[in-house]
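For reference, the chains in residue letters:
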Amino acid sequence: MAVLLLVLLLTLLLFGLGFAVKVLWWVAVIMFVLWLIGFIARTTDAAGSRSRWYRW
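Residues numbered from 1 in each chain as written. Predicted model: local features only at pLDDT ≥ 70, side-chain atom pairs only at ≥ 80, totals over all residues. Heavy atoms only, no water.

## Some words on the overall build of the protein
Link 1 in the chain: Secondary structure assignment for the protein yields 1 helix and 0 strands.
Link 2 in the chain: For the protein, the proportion of its 56 residues judged to be buried stands at 0%.
Link 3 in the chain: As displayed, the protein offers around 5,500 Å² of accessible surface, 80% of which is attributable to carbon and sulfur atoms. (Helix = DSSP H or I, 4+ residues; strand = E, 2+ residues; numbered from the N terminus. Buried < 20%, exposed > 50% of the residue type's maximum accessible area, 1.4 Å probe, protein only. Areas by Shrake-Rupley, 256 points an atom, 1.4 Å probe, with all protein chains shown as cover.)

Encoded structure:
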């Protein structure tokens, strides 16, 4: 019975990790798309040159 519980626990753990990794990949893809939009659609300054859209 203990072996069955350990296998079930391991299965649930691996399923949970797989789901979390899949969600993190989608978050990474969305953030990359937002970064690309910000990079392409950046504004120009008074001199007409493209300014930095980040602040560091």
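## Some points on the packing of aromatic side chains
Link 1 in the chain: Using the criterion set out here, one finds 1 aromatic pair in the structure.
Link 2 in the chain: Each ring, one from Phe-32 and one from Trp-35, has its centre 6.0 Å from the other, and the planes form 25 degrees; the classification is stacked. Note that Phe-32 and Trp-35 are positioned in helix H1 (residues 2-40) at a spacing of 3 residues, about one turn of the helix. (Phe/Tyr/Trp six-rings, centres within 6.5 Å; stacked < 30°, edge-to-face > 60°.)

Scope: geometric values only; no functional claims are made or implied.
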